[in-house]
Amino acid sequence: MKATLACAALASTLLTSGLLGASTAQQQPTGGADINDHAPAAAVSTTGVSCDATTDYGDANGIALDAQGNVYTALGVAAGAGGSAAGVEVQKWSPMGHLLATWTTPGGHRSAVHHPVGIAVDVHGAIYVTDPNAGHIDKLAPTGRVTAVWGETGTAPGQFENPAGVTIDRRGDVYVADKGNSRVQVLDAAGRVHAVWRLSPWLRQPSRPSGIAVDVHGRVYIADETIRILVLSPHGTTLRAWGSKGSKPDEFRHPVSIALDPQGRLDIADKLNARIQQFSGTGTPLTRWATGTTGWFNAHNAVSDQPAFPTGVAVAANGTIYTLAGWCPSRVQTFTPAGHTIAIWPATIG
């Protein structure tokens, strides 16, 4: 916790000093005149952020926003990380990166290895967190108290195998990307299963749905780790799909998270390409930009010029884009709808 608070204090210092908020530099597009590429943000001082290379700090993966614009991050915790048992740590931040609360959900892991987790917040402030190792969904009250645990490892309806992304529609129904079972499950707010949609293979590989979002019309958008984006009808029928492996527009290397902006555009965390790609709702590439910063400390306390690999993306009502990326320390980075960096703050388990 001390490390977490130190990171929050650092973020506040950087924000108020103006060190966070410089726009990203433009560079010549490489994939067509309608695509804008942005370089990573300028170097940011991270003095005071210390990472011990022998300590497993866990993976930052899920990010979500509530109705007030507060930011929630979900970080998988390996056994022994920061003195904690295996489980999931949820952090709540103000829109400008001030740490408001930290909660840890029970583990129940089959192993000590941490995995990606998804997070969503409903209109009442209830928090939903997927725990892939345990094969269940944790529901938390706005105070962080666990009020329900849904599911267990398995293949039957209401059971999960490596659940990943989670999202909530206007009715309060919960959509879970049941990655290991190649399907989407739809549950009501009490955890009762309403629908199970099995996803077809892609490029001769079983579907691995990771990120998931739903629009106001009930259409469901899925970032599939088999290198495609899926759009489903409100009844689970495939409407369209696109994507192939690579680094050009309309190509992906491990798409893991997806979010809709107020104009219906899709923002996709293209993890291994270290970028966010933005598409129209029908799949037309609009823009893309790199994530991360140069000058960020890596796990060995050495300055790293490597880009951050985004694992989560969420969009606020005003169009501000929030991404979660990196390891030791993980960081939240916010962008304008055009992909220019607004702010960065560390999100580290401590």
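Since the model is a prediction, treat every value here as computed from it, not as a measurement.

*Asks:* Mind showing me how you'd approach the overall build of the protein here?
*Replies:* Helix and strand content of the protein: 1 helix and 30 strands. Of the contacts made within the protein by residues no fewer than 6 positions apart, 47% connect residues no fewer than 24 positions apart.

*Asks:* Help me understand the environment of Pro-249, please; the structure alone is not making it clear to me.
*Replies:* Tracing the backbone shows Pro-249 in the loop between strand E19 (244-245) and strand E20 (251-252). Spatially, the C-alpha atoms of Pro-249 and Thr-287 are 8.3 Å apart, while their sequence positions differ by 38 residues.

*Asks:* Looking at this structure, how should I read the confidence of the model for the protein?
*Replies:* For residues with low pLDDT, the predicted coordinates do not support detailed interpretation. Residues at a pLDDT of 70 or more form 70% of the protein, whose mean pLDDT is 78. Every residue in residues 1-36 is under pLDDT 50, and counting partners more than four places away or in other chains gives 73 contacts. In the model, residues 294-306 has pLDDT below 50 throughout and makes 41 contacts with residues more than four positions away in sequence or in other chains.

*Asks:* What am I meant to see in the side chain of Asp-188 here?
*Replies:* In this structure, Asp-188 sits in the loop between strand E13 (183-187) and strand E14 (193-198). Judged by relative accessible area, Asp-188 falls into the buried class, the value being 9%. Engagement of the side chain of Asp-188 in a polar contact is seen with the side chain of Arg-192, the distance being 2.8 Å. Setting aside chain neighbours within four positions, we find Asp-188 in contact with Trp-150, Asp-173, Val-174 and His-194.

*Asks:* For this particular structure, what's the right way to read the packing of aromatic side chains?
*Replies:* Enumeration according to the criterion identifies 6 aromatic pairs in this entry. Each ring, one from Tyr-175 and one from Trp-197, has its centre 6.3 Å from the other, and the planes form 55 degrees; the classification is tilted. Remark: Trp-197 occurs in strand E14 and Tyr-175 occurs in strand E12 (residues 174-178); sequence separation between them is 22 residues. Between Phe-252 and Phe-279, the aromatic rings sit 5.8 Å apart at their centres with planes inclined by 35 degrees, giving tilted as the arrangement. Of this pair, Phe-252 sits in strand E20 while Phe-279 is found in strand E23 (residues 275-279), placing the two residues 27 residues apart along the sequence. For Phe-279, a relative accessible area of 0% gives the class buried. One aromatic cluster in this structure is built from Trp-242, Phe-252 and Phe-279.

*Asks:* It is not clear to me how unusual backbone geometry should be interpreted in this structure. Could you clarify?
*Replies:* Peptide bonds are, in most cases, trans, and in most cases residues other than glycine have a negative phi. Backbone geometry at Asn-162 places phi at a positive 60 degrees, although glycine is not the residue there. Examined against the element boundaries, Asn-162 turns out to sit in the loop between strand E10 (146-150) and strand E11 (163-168). For Asn-162, a relative accessible area of 19% puts it in the buried group. Phi at Ala-274 takes a positive value of approximately 50 degrees, unusual for a residue other than glycine. For Ala-274, the position within the fold is in the loop between strand E22 (266-270) and E23.

*Asks:* Help me understand the pattern of salt bridges in this model?
*Replies:* Here the structure, examined in full by the defined rule, presents 10 salt bridges. Its salt-bridge partner being Asp-215, residue Arg-219 comes within 3.0 Å of it at the nearest N-O pair. Taking relative accessible area as the criterion, Arg-219 reaches 30% and is therefore assigned partly exposed. According to the relative accessible area criterion, Asp-215 is buried, its value standing at 13%. Shared partners join several salt bridges into a network, and the residues in it are Asp-169, Arg-171 and Asp-173.

How each quantity is defined
- Residues numbered from 1 in each chain as written.
- Predicted model: local features only at pLDDT ≥ 70, side-chain atom pairs only at ≥ 80, totals over all residues.
- Heavy atoms only, no water.
- Helix = DSSP H or I, 4+ residues; strand = E, 2+ residues; numbered from the N terminus.
- Contact = heavy atoms within 4.5 Å.
- pLDDT = per-residue confidence, 0-100.
- Buried < 20%, exposed > 50% of the residue type's maximum accessible area, 1.4 Å probe, protein only.
- Polar contact = N/O pair within 3.5 Å; in protein donor to acceptor, adjacent residues only side chain to side chain.
- Phe/Tyr/Trp six-rings, centres within 6.5 Å; stacked < 30°, edge-to-face > 60°.
- Salt bridge = Lys/Arg side-chain N within 4 Å of Asp/Glu carboxyl O.

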